[in-house]
Amino acid sequence: MKSECSGSNRGRVLAWVGAVGAVFLAAQPASAADTVKIGASLSITGPASFLGEPEEKTLKIYVDKINAQGGVNGRKLELVVYDDAGDANKARTFATRLVEEDKVVAIVGGSTTGATMAMVPVAEDAKVPFISLAGAIVIVDPVKKFVFKTPHTDRMACEKIFADMKKRGLTKVGIISGTGGFGKSMHDECVKVASTSGVEIVADETYGPKDSDMTPQLTNIKNKAGVQALLNADFGQGPAIVMRNIKQLGITLPVYQSHGVASKSFIDLAGPAAEGVRLPAAALLVADKLPANDPQKPIAVGYAQTYEKETGKPVSTFGGHAYDGLMMLVEAMKRAGSADPVKIRDEIEKTKGFIGTAGMFNMTSTDHMGLDLGAFKMLQIKNGDWTLAD
Amino acid sequence: MAEFLQFTSSGLTVGAVYALVALGFTLIFNASGVVNFAQGEFVMLGGMGTVFAAAAGVPLPLAALLAVALAVVAGLLLDGLAIRPARQAGPIVLIIITIGAALVIRGLAQVFFDKEFHKLPGFSGDASIHIGGAAVLPQTFWVLAGTLAIFSGMWWFMTRTMTGKALRATAANRLAAELVGIDTRLVTTLAFAVSAGIGAVAGILITPITLTNYDIGTMLALKAFVASVLGGMGNPIGAVVGGLLLGLLEAFAAGYLSSSYKDAAAIVVLLLVLFAMPSGLFGSKSVERV
């Protein structure tokens, strides 16, 4: 009797906590039973908030839009968002809460690779499709049955950059990378693909995620004989400081950055020092400069305009990844004609010719990202704005 | 040789930043024996406050003044709301309170400012000056000058003024200081206000070099704390020498050894110094208070 009583108490407390969570975190009233729940754990605050914030805004804007048009398969979508602040432990807890208490049919995001990898086992065990918004290749290599991702991998960024270098006759590369998760992963991938891409890494320097001066490392690269180009693998403020230090030291080598800096704030922070920098990124940043016959143009322009109108902030590729993930999921749900997570997963894997902000997705059972190198555009910063380099 | 000069200038730039923040620790430590881990947040408020006031259309010098005022208010609130009510608790508890206060200030900054990084223009432009083959940012000289000015001011205040002497007396023995008629509460409050102001000035001076965001105080407070321990906690000379030394160590380790081990190299030197001189290079012998 006693144990039964405490059991029901616990149940009531859990339900209450769940309800509070749904009201406060999703900022949406808990609604009728005939909605379909989609979950998200994003890094809305904390060091990766520049990823999570646009992702959250994007999901909210587009879930509202989809609902205004009648929802999916006749049912409204309900978005449940948690903020993991970039903490992998929290991400795992929230993923568990999403599948066990909120009973979502699919999860979008994971903003960072660390958070994503912590959420992967939860999604796999619960057999809930999980579309990550994080970069590193480990998320989809090896392939995990229920896990997909929408951004390009860091390995593709390396290949794209090296191909562009080779085309310009630059084969001896100095690399300077941050020691944070993204920088380290991209550095390792670049070292791996360097020889097959026909370039040689002749200088290899690192700096800490919160360092404020990289001139010693850059001086060493500058003084290394034969360096023809410089590659900086990192995101956040590090690359901006690297660019300012490059200008300070008067280094004139061609500089490449990664897709990790593909937001306007990088250009603002680095200022004139960013002029001429090349980086691979989604076409979204140059949406209005794409040729009119590019199939990506209407999607990219549409998303960029919607996001900038609704938030008043410049568009970044990170929110675009959330758009791609959500739209791909919605299309799969429509094709599946049901809210059964396993059927939705099967349809996500069959995604063919889906055009998102990152390019054209063609998923297969062995490729759970579905983008090829063509989806990456090589951009160059000119007059404080993105331009197509080729 | 050019290489050596470049590493030195890098080390002095970063070191001056550490020194400037470390100086902020000195006053509060002297007044209350507390290491104020929210000092980095004062630095952040200085930089972020200036950026946002300037963005709202306030001319830069006035924006800087407003930011200093904002930090001083934060310092007074920290003392009045968190430190003074817990005055009877020991220094360890007070230190933990400052860590909590740092989290609160950081959280508020995240909400009221934003989560992006921001910059300020260099006071004398961003074109580097060439000295014997080394390229130095003009802002480096501003930071060094600021360090020197605050250091001299603090030295004069603590050794030449009655209030400064009262502050040191409070640190040496609170009870005895009260017995000779020193208002120790006022002294502590003053220390928090002035430290916050120094922190904000530091934040404004270094932002053109380091950039700033709501979270920058964490790293700065940690590095400045290491610099203070290296130089001797509570001694302004120690703060300056410790800061510059730490910056130079990091720069030389990154330049001559390996950039992967630069932080480790600095910490190893710190440990070696502390083995030989447990209270730091310029620290006074710690006295057991009863």
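Residues numbered from 1 in each chain as written. Chains lettered and ligands numbered in written order. Predicted model: local features only at pLDDT ≥ 70, side-chain atom pairs only at ≥ 80, totals over all residues. Heavy atoms only, no water.

Residues and elements named next belong to chain A. Take Asp84: it is sitting in the loop between β2 (76-83) and α3 (88-100). Among buried charged residues, Asp84 stands out as having no salt bridge; its nearest opposite-charge side chain is Lys90, 7.8 Å away. At 3.0 Å, the side chain of Asp84 and the side chain of Ser43 are in polar contact. Asp84 has contacts with Ser41, Leu42, Ser43, Lys90, Ala91, Phe94 and Ala115, leaving out every residue within four places of it along the chain. (Helix = DSSP H or I, 4+ residues; strand = E, 2+ residues; numbered from the N terminus. Buried < 20%, exposed > 50% of the residue type's maximum accessible area, 1.4 Å probe, protein only. Lys, Arg positive; Asp, Glu negative; His and termini not counted. Salt bridge = Lys/Arg side-chain N within 4 Å of Asp/Glu carboxyl O. Polar contact = N/O pair within 3.5 Å; in protein donor to acceptor, adjacent residues only side chain to side chain. Contact = heavy atoms within 4.5 Å.)

Let us now look at the packing of helix α5 (residues 154-167) of chain A against helix α6 (residues 181-197) of chain A. Two measures define how a pair of helices packs: the angle their axes make with one another and the distance between the axes. Residues and elements named next belong to chain A. Following both chains from N to C, one finds α5 and α6 inclined at 45°, their axes separated by 8 Å at the closest point. The orientation of α5 relative to α6 falls into the category oblique. α5 and α6 meet at a crossing whose hand is right-handed. Here Asp154, Arg155, Ala157, Cys158, Glu159, Ile161, Phe162 and Lys166 of α5 lie close against α6, whose contacting residues are Ser185, Met186, Glu189, Cys190, Lys192, Val193, Ala194 and Ser197. Grouping the constituent residues of the contact of α5 with α6 by class yields eight nonpolar, two polar and six charged. (Axes fitted to C-alpha atoms, helices over the stretch in contact; angles between N-to-C directions. Parallel < 35°, antiparallel > 145°, perpendicular 65-115°, else oblique. Left-handed = near helix turned anticlockwise from the far one by under 90°. Nonpolar A, V, L, I, M, F, W, Y, C, P; charged D, E, K, R; others polar.)

So, about a nonpolar patch on the surface. Residues and elements named next belong to chain B. On the surface, a nonpolar cluster with roughly 520 Å² of combined accessible area is contributed by Ile267, Val268, Leu271, Leu272 and Phe275. Following the sequence through the fold, Ile267 ends up in helix α11 (residues 262-276). A relative accessible area of 39% places Ile267 in the partly exposed class. (Patch = residues over 30% accessible without salt bridge, like charges linked within 9 Å, V, L, I, M, F, W, Y side chains within 5 Å. Areas by Shrake-Rupley, 256 points an atom, 1.4 Å probe, with all protein chains shown as cover.)

Residue and element names in this part refer to chain A. The domain boundaries assigned to chain A delineate domain 1 (32-152 + 296-375) and domain 2 (155-281). A C-alpha centroid distance of 29 Å is found between domain 1 and domain 2. With 14 residues of domain 1 at the contact, the number on the domain 2 side is 13 residues. Both faces combined, the contact of domain 1 with domain 2 buries some 1,100 Å², and carbon together with sulfur accounts for 72% of it. The three residues of domain 1 that bury the most area against domain 2 are Ile137, His152 and Leu373, which together make up 44% of that side's buried surface. The interface formed by domain 1 and domain 2 contains zero residue pairs in polar contact (both at pLDDT 80 or more). Looking at the side of domain 1 that touches domain 2, its residues break down into nine nonpolar, three polar and two charged. (Domains from an automatic or database assignment. Buried area = accessible area lost by both parts, 1.4 Å probe.)

All names here are of chain A. Here Leu371 lies in the loop between β12 (359-361) and β13 (377-382). For Leu371, a relative accessible area of 6% puts it in the buried group. On a C-alpha basis, the gap between Leu371 and Gly359 in space is 6.8 Å, while along the polypeptide they are twelve residues apart. Those residues in contact with Leu371 that lie beyond four places of it in its chain are Thr150, Pro151, His152, Met156, Ala358, Gly359, Met360 and Phe361.

So, on to the sheet that holds β2(A). Residue and element names in this part refer to chain A. Strand order in the open sheet formed by five strands is β2-β1-β3-β4-β5, and the pairing between neighbours is parallel. The sheet terminates laterally at β2 and β5 (147-149), the two strands that pair on one side only. For this sheet, the mean angle separating the axes of adjacent strands, direction not counted, is 25°. Of the strands in this sheet, β1 (35-42), β2 and β3 (106-108) are in contact with helix α2 (residues 49-68), which crosses β2 at around 165°. (Pairing = 2+ DSSP bridges.)

The next thing to look at is the pairing of β13(A). Residues and elements named next belong to chain A. Most of β13 is tucked away: five of the six residues are buried. Bridge count for strand β10 (residues 278-281) against β13 is four bridges, and the pairing is antiparallel. The partner of Ala281 across the bridge, within β13, is Lys377. Where β13 and strand β14 (residues 385-388) come together, four bridges link them in antiparallel fashion. Opposite Lys382, over in β14, you have Asp385 as the bridge partner.

Quick look at the interface of chain B and chain A now. With 31 residues of chain B at the contact, the number on the chain A side is 29 residues. Counting every contact that joins chain B to chain A gives three salt bridges. The interface formed by chain B and chain A contains 14 residue pairs in polar contact (both at pLDDT 80 or more). Every element with two or more residues in the side of chain B that touches chain A is listed here: α1 (2-32), β2 (134-136), α8 (184-210), α9 (216-231) and α10 (236-257) of chain B. At five residues, α1(B) tops the list of elements feeding residues into the side of chain B that touches chain A.

What follows is about the packing of aromatic side chains. Each aromatic ring pair is characterised by the separation of its centres together with the angle its planes make. Residues and elements named next belong to chain A. In this structure the tally under the stated criterion is 18 aromatic pairs over all chains. For the pair Phe50 and Phe235, a centre-to-centre distance of 5.1 Å together with 45° between the ring planes defines the contact as tilted. Residue Phe50 is located in helix α2, and its partner Phe235 is located in the loop between β8 (229-233) and α8 (237-249); the two are separated by 185 residues in the primary sequence. Overall, the relative accessible area of 28% leaves Phe235 in the partly exposed class. Considering the side-chain rings of Phe354 and Phe361, the 5.9 Å spacing of their centres and the 50° angle between planes classify their relative orientation as tilted. Phe361 matches Phe354 in its accessibility class, with the two residues each being buried. (Phe/Tyr/Trp six-rings, centres within 6.5 Å; stacked < 30°, edge-to-face > 60°.)

Residue and element names in this part refer to chain B. Assignment of secondary structure puts Asn235 in the loop between α9 and α10. Looking at Asn235, the relative accessible area reads 19%, which means it is buried. A polar atom in the side chain of Asn235 sits 2.8 Å from the backbone nitrogen of Ile237. With near-sequence residues (within four places) excluded, Asn235 lies in contact with Thr26 and Phe282.

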